[in-house]
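Chains, contacts and geometry: an overview
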Amino acid sequence: MQGYTHDKDRHIKRLHRVEGQIRGLARMIENDEYCIDVLTQVSAATKALRSVSLELLDEHLKHCVAQAVSEGGTDADEKVKEASDAIARLVRS
C-alpha cells in the first residue's frame, strides 16, 4: 500500500482537473489567444500540479519514510535519501 492510497480518488480527480487545464492551454494556443492570458493559465496549471506533488510528498514522508525509520536498517536511510532527492527536484522545478 502506498502513502497516497487512502486519498487516491481525490488525487485522480485533481489530476484530471490539471489535465483539463492543459487541454485548455492547447486550445488557447490553437486559437491564438493573447500571450499573457496563456502564461497566466500555465502558471495556474503549474501551481495545481505542484500542489499535488507536495501532497504526495507529504503522504510519502508520513507513510513510507516513517514506516522505514520505525523499522530501522538501511531501508530507512534509502527512504530518507529518496525523499531528500524528491524535495531537491521539486525545489529545482
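Residues numbered from 1 in each chain as written. Predicted model: local features only at pLDDT ≥ 70, side-chain atom pairs only at ≥ 80, totals over all residues. Heavy atoms only, no water.

**As for the pattern of salt bridges**
- In this structure the tally under the stated criterion is 7 salt bridges.
- Across the pair D7 and R10 runs a salt bridge whose closest N-O atoms are separated by 3.0 Å.
- Here E55 ties to R10 by a salt bridge, and the two come within 2.9 Å at their closest N and O atoms. Pair noted here: E55 is in helix 2 (residues 35-71) and R10 is in helix 1 (residues 8-30), with a separation of 45 residues, a long-range link.
- Here the salt bridges share partners, and the residues they tie into one network are D7, R10, R14 and E55. (Salt bridge = Lys/Arg side-chain N within 4 Å of Asp/Glu carboxyl O. Helix = DSSP H or I, 4+ residues; strand = E, 2+ residues; numbered from the N terminus.)

**Things to note about a nonpolar patch on the surface**
- A grouping of I12, L15 and L49 is seen on the molecular surface, where their side chains present a nonpolar patch of about 230 Å² in accessible area.
- Topologically, L49 is positioned in helix 2. (Patch = residues over 30% accessible without salt bridge, like charges linked within 9 Å, V, L, I, M, F, W, Y side chains within 5 Å. Areas by Shrake-Rupley, 256 points an atom, 1.4 Å probe, with all protein chains shown as cover.)

**Structural notes on the side chain of E59**
- Residue placement: E59 occurs in helix 2.
- Despite its burial, E59 pairs with no opposite charge, the nearest such side chain being R10 at 4.2 Å. (Buried < 20%, exposed > 50% of the residue type's maximum accessible area, 1.4 Å probe, protein only. Lys, Arg positive; Asp, Glu negative; His and termini not counted.)

**Observations regarding the packing of helix 2 against helix 3 (residues 74-92)**
- Remark: helix 2 packs on helix 3, axes separated minimally by 9 Å, with the N-to-C direction vectors making an angle of 165 degrees. With respect to their mutual orientation, helix 2 and helix 3 come out roughly antiparallel. For helix 2 against helix 3, the interelement crossing comes out left-handed. When helix 2 is examined against helix 3, the residues S53, L54, L57, H60, L61, C64, V65, A68 and V69 are found in contact with a partner set consisting of D75, A76, K79, V80, E82, A83, A86, I87 and L90.
- For the contact of helix 2 with helix 3, the per-class residue count stands at 13 nonpolar, 2 polar and 3 charged. (Axes fitted to C-alpha atoms, helices over the stretch in contact; angles between N-to-C directions. Parallel < 35°, antiparallel > 145°, perpendicular 65-115°, else oblique. Left-handed = near helix turned anticlockwise from the far one by under 90°. Contact = heavy atoms within 4.5 Å. Nonpolar A, V, L, I, M, F, W, Y, C, P; charged D, E, K, R; others polar.)

**Let's talk about helix 2**
- If you check helix 2, its first and last C-alpha atoms are 52 Å apart, about what 37 residues at 1.5 Å a residue would give, namely 54 Å.
- Of all the bends in helix 2, the greatest, near 35 degrees, is centred on H60.
- Where helix 2 is concerned, the buried positions are V38, A45, V52, L57, E59, H60, C64, V65 and A68.
- In this fold, the buried residues of helix 2 make contact with helix 1 and helix 3.
- Downstream of helix 2 by a residue or two, G72 has a phi angle that is positive, lying close to 75 degrees. (Expected span 1.5 Å × (residues − 1). Bend = angle between axes of the 7 residues up to and from the residue.)

**Considering the confidence of the model for the protein chain**
- A residue-level look at the protein chain finds 100% of positions with pLDDT of 70 or above and a mean pLDDT of 93.
- Mean pLDDT across the elements of the protein chain bottoms out in helix 3 (91) and peaks in helix 1 (96). (pLDDT = per-residue confidence, 0-100.)

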